[in-house]
Amino acid sequence: MVGMKGLFGERFCLQTNLKPEFVIGILRDHVGKLHRQRGDGGFDLAPLFDRITVKEEGSFVLWPTSQFSRNSFRPIWKCELEGGETGSRLKVKAKAPGFVLVGWLIWISGIMRISYPVLRLEGTKNIFSVIGIWGLICLFPLLSLLGFWLPEREARIGLQRILGGTFIDSK
């Protein structure tokens, strides 16, 4: 898949043979809440997106669902749909919610505020305290990145499946 991966987002472009009005219709058909199927313990064919907001002609915002229904870090997709003679081109810019960066800053500053006196008393002689502090600093950012990338990847694969398109260079 061709795209640009970043720390807090990704850009990709999907080319499909469907006309823009059909693409919007298909996307609307896949909007809803994720629900569990009773019986075999698996998930049924749940919608890919929590909601869709159409901003203007050819521009809309999608919120992909997550198998972890309470995932606050899941991406927000800002989409542009362009029609052409052979179908449509869907340009997607995936972004993390803004509060994630704020959460990172609060977490790291809190750990640094707690760890400064410990390092000042013990110094860097005790390697376990240094490793522990760096581990705590990295814990929240790594978990939030996983909470972003996994649903984003899952929704991207689902988008290709429902629209039957191919990923192309987004330039």
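All values reported here derive from a predicted model rather than from experimental measurement.

Caption draft 1: Quick peek at the overall build of the chain. Within the chain, the regular secondary structure consists of three helices and seven strands. The helix and strand sequence of the chain, counted from the amino end, reads β-β-α-β-β-β-β-α-α-β. Here the chain holds 171 residues, and the buried ones make up 36% of them. Once local pairs closer than 6 in sequence are excluded, the contacts in the chain between residues at least 24 apart make up 59%. Summed over its atoms, the accessible surface of the chain is roughly 10900 Å², and 61% of this surface lies on carbon and sulfur atoms.

Caption draft 2: A look at the packing of helix 1 (residues 20-29) against helix 3 (residues 127-163). It is at 10 Å that the axes of helix 1 and helix 3 come closest, and there the two elements cross at 125°. In this view, helix 1 runs oblique relative to helix 3, as classed from their interaxial angle. Where helix 1 crosses over helix 3, the two elements pack in a sense that is right-handed. Taken together, the residues of helix 3 that come into contact with helix 1 (itself represented by Val23, Ile26 and Leu27) are Leu159, Ile162 and Leu163. For the contact of helix 1 with helix 3, the residue count by class is six nonpolar, no polar and no charged.

Caption draft 3: Fine view of the layout of surface pockets. In this structure, the second largest pocket encloses a volume near 240 Å³. What lines the second largest pocket is a set of 13 residues, among which Lys78, Glu80, Lys91, Val92 and Lys93 lie closest to the centre. Looking at the lining of the second largest pocket, the elements with two or more residues in it are strand 2 (9-16), strand 4 (59-64), strand 5 (76-84) and strand 6 (87-95). Residues that form the lining of the second largest pocket fall into these classes: five nonpolar, two polar and six charged.

Reading the values: the criteria
Residues numbered from 1 in each chain as written. Predicted model: local features only at pLDDT ≥ 70, side-chain atom pairs only at ≥ 80, totals over all residues. Heavy atoms only, no water. Helix = DSSP H or I, 4+ residues; strand = E, 2+ residues; numbered from the N terminus. Buried < 20%, exposed > 50% of the residue type's maximum accessible area, 1.4 Å probe, protein only. Contact = heavy atoms within 4.5 Å. Areas by Shrake-Rupley, 256 points an atom, 1.4 Å probe, with all protein chains shown as cover. Axes fitted to C-alpha atoms, helices over the stretch in contact; angles between N-to-C directions. Parallel < 35°, antiparallel > 145°, perpendicular 65-115°, else oblique. Left-handed = near helix turned anticlockwise from the far one by under 90°. Nonpolar A, V, L, I, M, F, W, Y, C, P; charged D, E, K, R; others polar. 1 Å grid on protein atoms, 1.4 Å probe; cavity = no way out; pocket = protein on both sides within 12 Å on 5 of 7 lines; lining within 4 Å. Points joined across faces, edges and corners; volume = space filled by probe spheres on them.

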